[in-house]
Amino acid sequence: MTRRWAVVLLTVAVFAGACSTRPATTPPDAEPAASVDEPAPPVGGVSTTGSGPSNLENNPGSTSPGSTDPGSTTPGSTTLASTIDPAAESPASDASPEVGTVPDEAGINDDEPGDTAAEPIETFEPTGSDASPESDGGSPDIEDIEDLLAQVDDLLGQADTDLAGLDRDLADVVEGLNQDEGDI
Amino acid sequence: MRMPTMRTLAIVGALSLVMALPTTANAQENSANDDERHSIEDVKERAAEAIERRLATLDRLTEKASTSPHLTDEHETALLGDYRVASNGLEQLGDDIAQAQTAEELRSLVPLIAKDYRVYLVIVPKSAEVGASDRVRSAVERLSAVATTLHEAADRAEAAGFDVTETRRWLISAADEIAEANRTGVPVADLVIDLDAGDWEEPAKSTLEDGKRRLENARVDLRQAHGSLEKAREALRDAIDR
């Protein structure tokens, strides 16, 4: 009889204790706000390298306000995990504005072959057939050279006329030197 | 009776002969005068034709010099001055010949048509050489402009990363050929333009022959320069199309 009462009382006491400690820890809707408003510096710093999520998973106590209650799966730690975990699994999700849009652009995106936005496009290798300036629609340099070559064509045509005229002039010279004053 | 008759006949015959001689001499003299008169007129006519032919030639040269776009102003002025002096002198000489009365006068005047003006031995060939020389100058300037433009195009192509080695090699050849044409052909005009009738036969003849050789060499150089520039253009075209 006493043992039964002791078990009941213990159960009640544990229940009561549980009920009394839960509100005192972290309100479910307060902790995420706190974690967003004041992110711990290490979170952003680590995430720039892309290794932040793993660090968070490895050291939850140092990153989450919820970790003040290490024995429980607090909403705070859950919130952070749900925010960061996708980033840890997929580089594409690192573009999430919560964990560092800018650092991700400077880091992970550079390694993505499909990302053409940051690809250098103005430089080309003229010795390669694929890099021919004409193949990308014609550059100002090529247009200038083409204009100059058109001028060259025109000038060479005029020079042709000069040389044809010189041929006639020299024929006149030969004819002139073969003349005499004649008999009068 | 018989003897006197014979003697009389002989005398009469002798007298007839004596009387006939002056008549024959007069006829011969008149014929000679007529021949001389005809001869003088013929000479005057032929002299006038010779002068007219030269005046026509000088008119043609004047027209050519006045309309040539290649002659320098200085050379055009000098040649037109020569033509004007020659034309005026020939017209005056034509008047003098027309008024000549004797063959002796003509013998001294007619040769001056050639000797004093040398239209065909000096003026015509030197005009041709001056024109050709100034044409060489014009061609040199034109081809130099081609070379300059190609240099600019090659510079731009090189700056854009193209290989213009071949283009530059042809441009160097063209520059040498243009320079040679400039050295041989362009000075000819100034070498011959002061020649006049008094310089015939020397130094006019050898100077004109030398001018002809220079101009022919310049023509060869210009043709080669033109070819080199075409090669340079093709090389540049290949470089940017490659």
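Residues numbered from 1 in each chain as written. Chains lettered and ligands numbered in written order. Predicted model: local features only at pLDDT ≥ 70, side-chain atom pairs only at ≥ 80, totals over all residues. Heavy atoms only, no water.

A. Looking closely at the interface of chain B and chain A. Tallying the contact residues gives 53 residues for chain B and 37 residues for chain A. Contact between chain B and chain A buries roughly 4,100 Å² in total, counting both sides, with carbon and sulfur atoms accounting for 65%. A salt bridge links Arg142(B) to Asp162(A); the nearest nitrogen and oxygen atoms lie 2.9 Å apart. One can count 15 residue pairs in polar contact (both at pLDDT 80 or more) joining chain B with chain A. Those elements giving two or more residues to the side of chain B that touches chain A turn out to be helix H1 (2-67), helix H4 (112-115), helix H5 (119-159) and helix H8 (204-241) of chain B. In terms of residue count, H5(B) provides more of the side of chain B that touches chain A than any other element does, 23 residues in total. Across the side of chain B that touches chain A, the residue classes break down as 28 nonpolar, six polar and 19 charged. (Contact = heavy atoms within 4.5 Å. Buried area = accessible area lost by both parts, 1.4 Å probe. Salt bridge = Lys/Arg side-chain N within 4 Å of Asp/Glu carboxyl O. Polar contact = N/O pair within 3.5 Å; in protein donor to acceptor, adjacent residues only side chain to side chain. Helix = DSSP H or I, 4+ residues; strand = E, 2+ residues; numbered from the N terminus. Nonpolar A, V, L, I, M, F, W, Y, C, P; charged D, E, K, R; others polar.)

B. Summary view of helix H6 (residues 165-184) of chain B. Residues and elements named next belong to chain B. Over its 20 residues, H6 extends 29 Å from the first C-alpha to the last, a length consistent with the 28 Å expected when each residue adds 1.5 Å. Taken residue by residue, H6 has Thr167, Leu171, Ala174, Glu177, Ile178, Ala181 and Thr184 as its buried positions. All buried residues of H6 fall inside an arc of 160° around its axis, so they share one side. In H6, those exposed residues whose orientation departs by more than 90 degrees from the buried face are Thr165, Ile172, Asp176 and Arg183. The secondary structure elements touched by the buried residues of H6 are H5, helix H7 (188-192) and H8. (Expected span 1.5 Å × (residues − 1). Buried < 20%, exposed > 50% of the residue type's maximum accessible area, 1.4 Å probe, protein only. Arc of directions from axis to C-beta.)

C. Structural view of the nonpolar core. In terms of nonpolar packing, the biggest core is built from 77 residues, with Ile97(B), Ile113(B), Leu150(B), Leu222(B) and Leu229(B) touching the most fellow members. Residue assignment places this core across two domains, with domain 1 (35-117) and domain 2 (119-242) of chain B each supplying three or more. Sequence-distant contacts of Ile113(B), that is, excluding residues within four places in its chain, are made with Ile184(A), Ala47(B), Ala50(B), Ile51(B), Arg54(B), Leu90(B), Leu93(B) and Ile97(B). (Core = buried A, V, L, I, M, F, W, Y, C linked by side-chain atoms within 4.5 Å. Domains from an automatic or database assignment.)

D. Geometry of the packing of aromatic side chains. Considering all chains together, one arrives at zero aromatic pairs over all chains under this definition. Across from the ring centre of Trp170(B), 4.9 Å away, lies the NZ or CZ of Arg169(B), which sits over that ring. (Phe/Tyr/Trp six-rings, centres within 6.5 Å; stacked < 30°, edge-to-face > 60°. Lys NZ or Arg CZ within 6 Å of the ring centre and 35° of its normal.)

E. The arrangement of the environment of Ser68(B) in detail. Residue and element names in this part refer to chain B. Tracing the chain through its elements places Ser68 in the loop between H1 and helix H2 (73-99). Overall, Ser68 belongs to the partly exposed group, its relative accessible area being 22%. There is a polar contact of 3.3 Å between the side chain of Ser68 and the backbone nitrogen of His70.

F. Main features of the packing of H5(B) against H8(B). All names here are of chain B. Contact geometry for H5 and H8: axes closest at 9 Å, N-to-C directions at 20°. The angle between H5 and H8 falls in the class roughly parallel. In the packing of H5 onto H8, the handedness of the crossing is left-handed. For the contact of H5 with H8, the residue count by class is 24 nonpolar, four polar and four charged. (Axes fitted to C-alpha atoms, helices over the stretch in contact; angles between N-to-C directions. Parallel < 35°, antiparallel > 145°, perpendicular 65-115°, else oblique. Left-handed = near helix turned anticlockwise from the far one by under 90°.)

G. Region of interest: the pattern of salt bridges. Scanning the entire structure with this criterion turns up 19 salt bridges over all chains. Between Glu181(A) and Arg54(B) there is a salt bridge, and its shortest N-O distance comes to 2.8 Å. Of this pair, Glu181(A) sits in the segment after helix H8 (140-177) while Arg54(B) sits in helix H1, which puts the two residues in different chains. With a relative accessible area of 0%, Arg54(B) lands in the buried category.

H. Inspection of the packing of H2(B) against H5(B) at higher detail. Residue and element names in this part refer to chain B. Interaxial distance between H2 and H5 falls to 11 Å at its minimum, and their mutual angle equals 165°. Between H2 and H5, the crossing angle belongs to the class labelled roughly antiparallel. Where H2 crosses over H5, the two elements pack in a sense that is left-handed. Here H2 contributes His75, Leu79, Asp82, Tyr83, Ala86 and Leu90 to the contact with H5, which in turn contributes Val119, Ile123, Lys126, Ser127, Val130, Asp134 and Arg137. Within the contact of H2 with H5, the residues separate by chemical class into seven nonpolar, two polar and four charged.

I. Focus on the side chain of Asp221(B). As for its position among the elements, Asp221(B) is in helix H8. No salt bridge is formed by the buried Asp221(B); its nearest oppositely charged neighbour, Arg183(B), is found at 6.9 Å. (Lys, Arg positive; Asp, Glu negative; His and termini not counted.)

J. Broad picture of a negative patch on the surface. Residues and elements named next belong to chain B. Among the surface-exposed residues, Glu52, Asp59, Glu91, Asp95 and Asp96 lie close enough to one another that they form a single negatively charged patch. Take the negative patch: its biggest share by element is three residues, from H2. Structurally, Asp95 can be placed in helix H2. Asp95 gets classed as partly exposed once you look at its relative accessible area, which sits at 42%. (Patch = residues over 30% accessible without salt bridge, like charges linked within 9 Å, V, L, I, M, F, W, Y side chains within 5 Å. Areas by Shrake-Rupley, 256 points an atom, 1.4 Å probe, with all protein chains shown as cover. Charge placed at Lys NZ, Arg CZ, Asp CG, Glu CD.)

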